[in-house]
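Structural description and commentary
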Amino acid sequence: MRSSNPVFSRRGFSRDGSQAGFHTGGQPQAGNPYATGPAADNPYAANPYAQQPAGAPQGAPPAAPPSADRMTMDDVVSRTGITVGTVVATATVAWVTDLALGPAFLFALVAMGLALVQAFKRTASPPLILAYAAFEGLFLGAISNYVDNRIADGAAMQAVIGTMAVFAAVLFLYKARIIRVTQRFYRFVLAAAIGFILLMGVNLLFAAFGGGDGLGFRSGGLGILFGVIGIVLGACFLALDFKQVEDGVAYGAPRKESWLAAFGLTLTLVWIYLEFLRLIAILQSDS
């Protein structure tokens, strides 16, 4: 199970445990321009869900995955709509009821725990994913209400518009093949995300024990710079999410895997939204 999300790892659409579309080996696999592996010796490696027919001669083409229970793009869209819709619904409840930040941060910890449990499960659990979305939404609604009313008027709506714009832009660039998800791209983004998270963790420790904003990564000029970097990283992880979905549909992944796609997309969208919210708060508070 490898992650294409900056916060949590999750299972991709590959049965061999590697990142969807990225295998180990020397030669590119047939049918997947981004994968590597001994496809010449093993034609089934190109599609992790294809199975060799019983009694088939060595080198025979793999059988197509059964179509009855295969994941489709409609499945991914509908599950993502349900998951994101749950986030929006509970965020609205938290906003309307003026949920305090204390309980909100508790809900955020619960959401993190649920997400980690799902990340390490071998199969998707829709109730677990929807429970994560519900608790995450409560946190987002409370923090958005706080920022919007006390720090930067209109920040929440601006963050929503910004998140939607990033999603649409990355989707267009990915479909137009302007963004190409390769092994090098994946490794670079993963390394950048690890470095980003480590810096934020160090900043949080300095803030907790030294007071103020620690090393200054969450305010002022450095805060603006790291906010932009966080949004760019989120956009890169969206491209990795799209690649996972594309591979899952092409490989004939089981329909239940669409919940994992929805889970991953929701995590990434939440990341981008929070970075936008923080960036807008910094910009308006400094102006």
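Further up the page is the structure itself.
This is a predicted model, so every value here is computed, not measured.

1. Thoughts on the overall build of the chain
The secondary structure content of the chain amounts to 7 helices and 2 strands. Its helices and strands in sequence order give the chain the pattern β-β-α-α-α-α-α-α-α, from N to C terminus. Summing over all exposed atoms, the chain offers an accessible surface of approximately 13800 Å²; the carbon and sulfur share of this is 68%.

2. Looking at unusual backbone geometry
Despite not being glycine, Asp 98 has its phi angle at roughly 55°, a positive value. Locating Asp 98 in the fold gives a position in the loop between α1 (73-96) and α2 (101-120). Positioned with a positive phi, Arg 177 is a non-glycine residue whose angle comes to about 60°. The residue Arg 177 is located in the loop between α4 (155-175) and α5 (183-210) in this model.

3. A short note on the pattern of salt bridges
Here the structure, examined in full by the defined rule, presents 5 salt bridges. Of the charged contacts in the structure, one is a salt bridge between Arg 278 and Glu 275, with a shortest N-O distance of 3.1 Å. Here Arg 278 pairs with Glu 275, and both are found in helix α7 (residues 257-286), just 3 residues apart, close to one helical turn. A residue is classified by how much of its surface remains accessible, and Glu 275, at 6% relative accessible area, is buried. One continuous salt-bridge network, built from bridges that share partners, spans Asp 75, Arg 79 and Arg 255.

4. A closer look at α4
Quick reminder: α-helices carry 3.6 residues per turn. Residues three or four places apart thus point the same way. With 21 residues, α4 should reach 30 Å at 1.5 Å per residue; the first-to-last C-alpha distance of 30 Å fits that figure. Those residues of α4 that sit buried are Ala 155, Ala 156, Ala 159, Gly 162, Thr 163, Val 166, Val 170 and Tyr 174. One side of α4 holds all its buried residues, which, seen down the axis, span an arc of 120°. Facing away from the buried side of α4 by more than 90 degrees, the exposed set consists of Met 157, Ile 161, Met 164, Phe 172 and Lys 175. Downstream of α4 by one or two residues, Arg 177 has phi in the positive range, about 60°.

Conventions adopted
- Residues numbered from 1 in each chain as written.
- Predicted model: local features only at pLDDT ≥ 70, side-chain atom pairs only at ≥ 80, totals over all residues.
- Heavy atoms only, no water.
- Helix = DSSP H or I, 4+ residues; strand = E, 2+ residues; numbered from the N terminus.
- Areas by Shrake-Rupley, 256 points an atom, 1.4 Å probe, with all protein chains shown as cover.
- Salt bridge = Lys/Arg side-chain N within 4 Å of Asp/Glu carboxyl O.
- Buried < 20%, exposed > 50% of the residue type's maximum accessible area, 1.4 Å probe, protein only.
- Expected span 1.5 Å × (residues − 1).
- Arc of directions from axis to C-beta.

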